[in-house]
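# Analysis of the macromolecular model
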Amino acid sequence: MPKAPDANNRRIILAGANPGLRLFDKDGKVTAFASIWMVDWSICGAGTAVVLWFDGIVRVVSEDVDLASWLERYFVRSFLEVQGLPWHEPAVERDLVQVSMSLADGLSVKAADIQIEMSGVLDRRLFATDNFQLADGVHSLSLVIAPVRAATVSIGGASVPGFVQVDGSADRPGSSAFLTTAEVWRR
């Protein structure tokens, strides 16, 4: 395996935002996972996309299906949040993805028949690491993260069961649903 470049010499491969969520049932089992992408620039283009896991099915929605497929394969499959979920080849759908996000108020997404809402921003803080493992090696990541108190997912107008898990402390709250901005990935 080739040696990872020194963190200071890594090149930017994506700039944008990637809010996400996991919903849980009362027993702590994941009922849904969503990764929302607003890519300002990447080595594979720019655009918006949603990767949604629900009931063992992975859906990828975007106007740019090549970009969205890359995001799902290169990034999302490696996220710790999806480890242990039955992750099958996704159904890739070409459709408009509309995203409205504010670090003050939350997020609203419409993609095909999927609707995602996040609200109740708990905090805003910087996160950075030079040791984020993706399938093809170690990457650097920096972003502003804003955990939120509540999130919902609906498909075809039907609410997906589950709730957000909020943890941490008053000084440093955490959540299974979060907004991000100023996100930069380097390889």
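Residues numbered from 1 in each chain as written. Predicted model: local features only at pLDDT ≥ 70, side-chain atom pairs only at ≥ 80, totals over all residues. Heavy atoms only, no water.

### Description of the nonpolar core
Membership of the largest hydrophobic core comes to 26 residues, with the highest contact counts inside it found for Leu14, Trp37, Leu71, Phe75, Phe79 and Trp185. For this core, the elements supplying multiple residues, two or more each, are strand 1 (12-17), strand 3 (30-42), strand 4 (47-54), strand 5 (57-62), helix 1 (65-75) and strand 11 (137-155). Sorting elements by how many residues they give to this core places helix 1 first, with 6 residues. Setting aside residues no more than four positions away along its own chain, Phe79 makes contact with Asn18, Phe33, Ser35, Trp37, Phe132, Leu134 and Trp185. Within the second largest apolar cluster, 24 residues are counted, among which are Ala34, Ile114, Ala146 and Val164. (Core = buried A, V, L, I, M, F, W, Y, C linked by side-chain atoms within 4.5 Å. Buried < 20%, exposed > 50% of the residue type's maximum accessible area, 1.4 Å probe, protein only. Helix = DSSP H or I, 4+ residues; strand = E, 2+ residues; numbered from the N terminus. Contact = heavy atoms within 4.5 Å.)

### Looking at the environment of Val51
Tracing the sequence through the fold places Val51 in strand 4. The class of Val51 is buried, set by a relative accessible area of 1%. A sequence separation of 14 residues divides Val51 from Trp37, and the C-alpha atoms of the two residues are 8.3 Å apart. Not counting residues up to four positions away in its chain, the partners in contact with Val51 are Phe33, Ala34, Ser35, Val58, Arg59, Val60, Glu72, Val76 and Trp87.

### Some points on the pattern of salt bridges
Enumeration over the complete set of coordinates arrives at 8 salt bridges. The residue Lys26 makes a salt bridge to Asp27 at a minimum N-O spacing of 3.7 Å. Lys26 sits in the exposed class, given a relative accessible area of 75%. Of the charged contacts in the structure, one is a salt bridge between Arg186 and Asp130, with a shortest N-O distance of 3.4 Å. Residue Arg186 is found in strand 15 (residues 177-186), and its partner Asp130 is found in strand 10 (residues 125-134); the two are separated by 56 residues along the sequence. (Salt bridge = Lys/Arg side-chain N within 4 Å of Asp/Glu carboxyl O.)

Interpretation note: all reported values are geometric properties and have no functional meaning in isolation.
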